[in-house]
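Here is how the chains run, residue by residue.
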Amino acid sequence: MLTQHEAGRLDGRVRTFGSIAVAALVAVAAALAQGGFALPTAPVGWLGLVLLMLLYGTGITLLFTVLPRLGVVGNSPVLNVEPVFALVLGWLILGQSVAPLQVLGALIVVGAVMGLGLRRRRV
């Protein structure tokens, strides 16, 4: 939302590059703070890494192929609710536990997206 409102006049490619650069810096800093990067040491780790690249890469490619057809109004809800879907799928498929704070965060995200969607319709 901040990118759309504060950097809306910038070319989309420049905004995307800036967002990816900031995310990369944060990821590298977090990795270095925990001792650096490490590649998988077991075959199942490599399988997981390959499947992550294949499935997530395909999903993101499809997402950004379909997004222009949804229009600006449809983009924000899809992109903001993605972490909530990841949380739910991790719980359903992987059996991960979900903390009450995570549920609260998911409700806040969904509520904010719904609120923004309703606000746009009233205007």
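Residues numbered from 1 in each chain as written. Predicted model: local features only at pLDDT ≥ 70, side-chain atom pairs only at ≥ 80, totals over all residues. Heavy atoms only, no water.

From N to C terminus, the chain includes 4 helices and 0 strands. In the chain, the succession of helices and strands from N to C terminus is α-α-α-α. Contacts in the chain between residues at least 24 apart in sequence constitute 43% of all its contacts with a sequence separation of at least 6. Accessible surface for the chain amounts to roughly 9900 Å². Of this, 73% is attributable to carbon and sulfur atoms. (Helix = DSSP H or I, 4+ residues; strand = E, 2+ residues; numbered from the N terminus. Contact = heavy atoms within 4.5 Å. Areas by Shrake-Rupley, 256 points an atom, 1.4 Å probe, with all protein chains shown as cover.)

Taken together, Leu 39, Trp 46, Leu 49, Val 50, Leu 52, Met 53 and Tyr 56 make up a surface patch of nonpolar side chains, about 720 Å² in accessible area. Overall, the relative accessible area of 47% leaves Tyr 56 in the partly exposed class. (Patch = residues over 30% accessible without salt bridge, like charges linked within 9 Å, V, L, I, M, F, W, Y side chains within 5 Å. Salt bridge = Lys/Arg side-chain N within 4 Å of Asp/Glu carboxyl O. Buried < 20%, exposed > 50% of the residue type's maximum accessible area, 1.4 Å probe, protein only.)

A probe as big as a water molecule, rolled over the atoms, marks out the empty space that is left. Here the second largest pocket defines a volume of roughly 310 Å³. Taken together, 10 residues make up the lining of the second largest pocket; nearest its centre are Glu 82, Phe 85, Ala 86, Leu 89 and Gly 90. (1 Å grid on protein atoms, 1.4 Å probe; cavity = no way out; pocket = protein on both sides within 12 Å on 5 of 7 lines; lining within 4 Å. Points joined across faces, edges and corners; volume = space filled by probe spheres on them.)

Turning our attention to the environment of Pro 40. Following the sequence through the fold, Pro 40 ends up in the loop between α2 (12–33) and α3 (43–94). The partly exposed category is assigned to Pro 40, whose relative accessible area is 25%. If we skip the residues at most four places from it in the chain, Pro 40 touches Gly 45, Trp 46 and Leu 49.

Moving on to the environment of Val 84. Here Val 84 is to be found in helix α3. Considering only alpha carbons, one finds Val 84 and Val 110, 26 residues apart in sequence, at a separation of 8.0 Å. Not counting the four nearest positions on each side in its chain, Val 84 is found in contact with Ala 106, Val 109 and Val 110.

Right, let's get into the confidence of the model for the chain. Averaged over all residues, the pLDDT of the chain equals 81, while 80% of them reach at least 70. When the elements of the chain are averaged for pLDDT, helix α1 (residues 2–6) gives the smallest value, 61, and α2 the largest, 87. (pLDDT = per-residue confidence, 0-100.)

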